[in-house]
Amino acid sequence: MERVPLERKVLNENDRIAAGLRERFAQHNILCLNLISSPGSGKTSLLERTLESFDRSERVAVLTGDIQTENDAKRLARFGFPVKQITTGGTCHLDARMIERALFDWSLEDIDLLLIENVGNLVCPSSYDLGEAAKLVVLSVTEGEDKPLKYPSIFFKSQLLILNKIDLLPYVPFDIAAAEQNSRSVHRDMEIVRVSCQTREGLAEWLAWLDRKRGALRSAAAAAAS
Ligand SMILES: Nc1nc2c(ncn2[C@@H]2O[C@H](COP(=O)(O)OP(=O)(O)OP(=O)(O)O)[C@@H](O)[C@H]2O)c(=O)[nH]1
Ligand SMILES: [Mg+2]
């Protein structure tokens, strides 16, 4: 009985900080994306493939969350863009205050695209707004096509489903059409890309999606300025 009001208070506080972040991102025309998945679905791998595709002049930055270790930040720092690890020390999700703190010594004027890798968890991160323009969910083909039905919240809230590890489809009993159908039964307008971070199949489609979102933001900013 006590749990519900307390949870609501924490989330209200988070929403307040997230709204402030969203406003700052809008002021600086930053596209912020929040990547969410179970542990090991391939969030860091997707970010590695994404960063390696960018020219060094791109104004991209990454925040990556984990309960322990700086492993993901080390993997991503190799590409030469600003990367910071947020180690939550036990908390199963990132919250808006963690993002605010992590950004304190970064100049937002220098960033166009902020990619956030959330803690590996398909449940808790879906409740926390980080001020992002969109949540993206990664599901790999080793996890079962029923996951959108079992964990509907994150599939309902995500704009894009990235179906990863399609190179493993010949070896695992995963019905990819059923996974997509399940996902659209939870979220009718879900956009979907199929990728392999191993073979790079489908990555062009993901990068094109990213490009469209960045282009739409640039056009909206130019229209607002004129
Ligand atoms: N076969 C195959 N393996 C992949 C693919 N993408 C990632 N992996 C492997 O899956 C494992 C987990 O990938 P990560 O990128 O670390 O996953 P993650 O979602 O960042 O994991 P956490 O940060 O721990 O939640 C690694 O061994 C990757 O090499 C893929 O497309 N195909
Ligand atoms: Mg990772």
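Attention here is on the structure that accompanies the text. It should be emphasised that the depicted structure is a prediction, and the values quoted were computed from it without experimental measurement.

Before going further, it helps to spend a moment on the environment of Arg 49. Here Arg 49 shows up in helix H2 (residues 43-53). Taking the C-alpha atoms as reference points, Arg 49 and Leu 76, 27 residues apart in sequence, are found 9.7 Å from one another. Arg 49 has contacts with Cys 197, Arg 200 and Leu 203, leaving out every residue within four places of it along the chain. For Arg 49, the side chain forms a polar contact with the side chain of Glu 52, separated by 3.1 Å.

Okay, the site of ligand 1 next. The environment of ligand 1 is made up of 19 residues, and the closest members are Lys 43, Thr 44, Ser 45, Asp 167 and Cys 197. A distance of 3.1 Å separates an oxygen atom of ligand 1 from a polar side-chain atom of Asn 164. Lys 165 is positioned with one of its side-chain polar atoms (N or O) 3.0 Å from an oxygen atom of ligand 1. Relative to its unbound accessible surface of 650 Å², ligand 1 loses 73% to contact with the protein.

Around the magnesium ion (ligand 2), the protein contributes the donor atoms Thr 44 (OG1), Asp 72 (OD) and Glu 117 (OE), which lie 2.0 to 2.1 Å from the metal centre. Of note, the magnesium ion (ligand 2) draws all its donor residues from one chain, in the sequence arrangement T-x27-D-x44-E. Linking Thr 44 in helix H2 with Glu 117 in strand E4 (residues 113-117), this pair joins segments that are 73 residues apart in sequence. The residues Thr 44 and Glu 117 share a single accessibility class, namely buried.

Okay, the pairing of strand E5 (residues 134-140) next. By the criterion of burial, E5 is predominantly enclosed, with 7 of the 7 residues buried. Across the two faces of E5 the burial is the same, with Ala 134, Leu 136, Val 138 and Ser 140 and Lys 135, Val 137 and Leu 139 all buried. Relative to strand E6 (residues 158-164), E5 is paired through 6 bridges, and the arrangement is parallel. Looking at E6, one finds that Leu 136 is bridged to Leu 160.

Cut-off values and rules
- Residues numbered from 1 in each chain as written.
- Chains lettered and ligands numbered in written order.
- Predicted model: local features only at pLDDT ≥ 70, side-chain atom pairs only at ≥ 80, totals over all residues.
- Heavy atoms only, no water.
- Helix = DSSP H or I, 4+ residues; strand = E, 2+ residues; numbered from the N terminus.
- Contact = heavy atoms within 4.5 Å.
- Polar contact = N/O pair within 3.5 Å; in protein donor to acceptor, adjacent residues only side chain to side chain.
- Near = heavy atom within 4 Å.
- Areas by Shrake-Rupley, 256 points an atom, 1.4 Å probe, with all protein chains shown as cover.
- Donors = N, O, S within 2.8 Å, 3.2 Å for Na, K, Ca; no water.
- Buried < 20%, exposed > 50% of the residue type's maximum accessible area, 1.4 Å probe, protein only.
- Pairing = 2+ DSSP bridges.

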